[in-house]
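This is what each chain is made of:
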Amino acid sequence: MKLSIVLPVFNEEAMLENALDRIASVLQSHDIDFEMIAVDDGSTDRTWSVIERVAATATCGEHLRGVRFSRNFGKEAAICAGLRQASGEAVVVMDADLQHPPEVIPEMVELWSNGGFSVVEGIKRNRQSESMLRRLSALFFYRVLKSGTAFDLRNSTDFKLLDRGVVDTYLQFPEYGRLFRGLTAWIGLPTAAIELDIPERAEGRSAWRVGALIDLARSTIVSFTALPLHLISWIGLLGFVVSIVLALQTLWNKLFGDSAEGFPTVILLILGMGSLILLSLGIIGEYLSELYREVKGRPLYVVRETLGAEQSSDQSKKP
């Protein structure tokens, strides 16, 4: 049995070599045949140089293959590229910052090989120190996603072991906008969970910034659920009911000579309805934008160069 380890990396110069050595040490101590595939997602530091050096000189270099993007295409594209390169009967996707502990991998392999599970995923037992705003934003995001898809991804991670059948199914998905943990849940094959304590980063800084997280949340909600579009319909229905009630109230007051003078109510109604209309158009625009991106059919990523014994001649891949 061969195990593939896929590591999407972006500006991980400080942590990558240590992560590769630690992963290799854990797997070798358990006599697991493995390969490691590091996908450099357009890093601006010396991440690719680290991959080249480890492949050429380190003891784990014989197990390492590298894929380098022409620019930053995002983590989801890097995961997809790594899965395309993986040749193992099972594939583990994990971060290269050691916040996904490699020591859990043998337990994942055991559950997969003897437990009859197609997916084994790491579930957060604890959350890292985060601001209240970030916690509330994450809670809102996962609530919306669960309402629209019935999948509870609140404590899930990208640290997963996938059976070869799951990998092949995942790679058949044609869409451009992806959420790895969401699509693996959507497949619906038997899944086991392992609780993890997520440590703080030992070195470097997270590549995730507020703007990138907001864009990921927007893209994911639009790709996975039509709930915002349904909300527009319900808001429109609610506005129609309120308008009927106000019309009846105004007519009643007019008939009994108790109508209010001035236009405050009219002005507030115009402002409120105008805002709702603009909000509705904005939500529809987000879906049209996502549809436009999908229809163009551009490659999910472009490969600049590869490293390793089984290099791919493809320089780009369709989703």
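(A) Up close: the nonpolar core. Within the largest apolar cluster, 35 residues are counted, with the highest numbers of intra-cluster contacts made by L3, I5, L7, M36, I105 and L161. Formed by 29 residues, the second largest nonpolar core is a distinct cluster that contains I37, A86, L179 and F180.

(B) Helix α3 (residues 75-85), seen in detail. Burial runs high along α3: 10 of the 11 residues are buried. Among the residues making up α3, those that are buried are K75, E76, A77, A78, I79, C80, A81, G82, L83 and Q85.

(C) Broad picture of the side chain of T157. Mapping T157 onto the fold places it in strand β6 (residues 156-163). Classification of T157 as buried rests on a relative accessible area of 4%. Within the local environment of T157, its side chain forms a polar contact with the backbone oxygen of G122, the two atoms lying 2.8 Å apart. Here the side chain of T157 touches F159 through a polar contact of 3.1 Å, landing on its backbone nitrogen. Ignoring sequence-local partners within four residues, the contact set of T157 consists of H100, G122, K124 and R181.

(D) Representation of the environment of F159 in the model. Locating F159 in the fold gives a position in strand β6. For the pair F159 and L196, spaced 37 residues apart in sequence, the C-alpha separation works out to 9.9 Å. Leave out the neighbours within four places in its chain, and F159 touches V92, V93, M94, H100, P101, V104, I105, M108, V120, E121, G122 and L196.

(E) Structural view of the environment of D40. Considering the arrangement of structural elements, one finds D40 in strand β2 (residues 33-40). Between the alpha carbons of D40 and N11 there is a distance of 8.3 Å; along the sequence they are 29 residues apart. Once residues within four sequence positions are removed from consideration, D40 is found in contact with V9, T47, W48, I51, V67, R68 and F69. Only 2.5 Å separates the side chain of D40 from the side chain of S43, close enough to count as a polar contact.

(F) Here's a closer look at the pairing of strand β5 (residues 119-124). With five of six residues buried, β5 is to be regarded as a mostly interior element. Here four bridges tie β5 to β6, and the two strands are oriented antiparallel to one another. When the sheet's bridge partners are listed, V119 is paired in β6 with L162. Inspection of the sheet shows β5 paired to strand β7 (residues 191-196) by six bridges, in the parallel sense. Residue pairing for β7: V120 is matched across the bridge by A192.

(G) Looking closely at unusual backbone geometry. Positive phi outside glycine occurs at N11, with the angle close to 55 degrees. Turning to its location among the elements, N11 is positioned in the loop between β1 (2-9) and α1 (16-29). One non-glycine residue, D31, adopts positive backbone phi at about 55 degrees. Position of D31 relative to the elements: it lies in the loop between α1 and β2.

(H) Just the packing of aromatic side chains, in detail. What the rule picks out here adds up to five aromatic pairs. Ring geometry for Y170 against F173: centres 5.9 Å apart, planes inclined by 65 degrees, an arrangement best described as edge-to-face. Per residue, the accessibility class of Y170 equals that of F173, and both read buried. Note on F173 and W186: the rings are 5.6 Å apart at their centroids and 80 degrees apart in plane angle, and the pair reads as edge-to-face. With F173 in the loop between α6 (164-172) and α7 (180-187) and W186 in helix α7, this pair connects stretches of sequence that are 13 residues apart. On the accessibility criterion, F173 (11% relative accessible area) is buried. Overall, the relative accessible area of 53% leaves W186 in the exposed class. Through pairs of rings, three or more aromatic residues link up here, namely Y170, F173, F180 and W186. Against the face of F73 rests R71, its NZ or CZ located 3.9 Å from the ring centre.

(I) A look at the pattern of salt bridges. This model, assessed by the stated rule, comprises 12 salt bridges. Of the charged contacts in the structure, one is a salt bridge between E305 and R68, with a shortest N-O distance of 2.8 Å. Of the two residues, E305 sits in strand β8 (residues 301-307) while R68 sits in strand β3 (residues 64-69), which places them 237 residues apart along the sequence. Judged by its relative accessible area of 27%, E305 falls in the partly exposed class.

Parameters at a glance
- Residues numbered from 1 in each chain as written.
- Predicted model: local features only at pLDDT ≥ 70, side-chain atom pairs only at ≥ 80, totals over all residues.
- Heavy atoms only, no water.
- Core = buried A, V, L, I, M, F, W, Y, C linked by side-chain atoms within 4.5 Å.
- Buried < 20%, exposed > 50% of the residue type's maximum accessible area, 1.4 Å probe, protein only.
- Helix = DSSP H or I, 4+ residues; strand = E, 2+ residues; numbered from the N terminus.
- Polar contact = N/O pair within 3.5 Å; in protein donor to acceptor, adjacent residues only side chain to side chain.
- Contact = heavy atoms within 4.5 Å.
- Pairing = 2+ DSSP bridges.
- Phe/Tyr/Trp six-rings, centres within 6.5 Å; stacked < 30°, edge-to-face > 60°.
- Lys NZ or Arg CZ within 6 Å of the ring centre and 35° of its normal.
- Salt bridge = Lys/Arg side-chain N within 4 Å of Asp/Glu carboxyl O.

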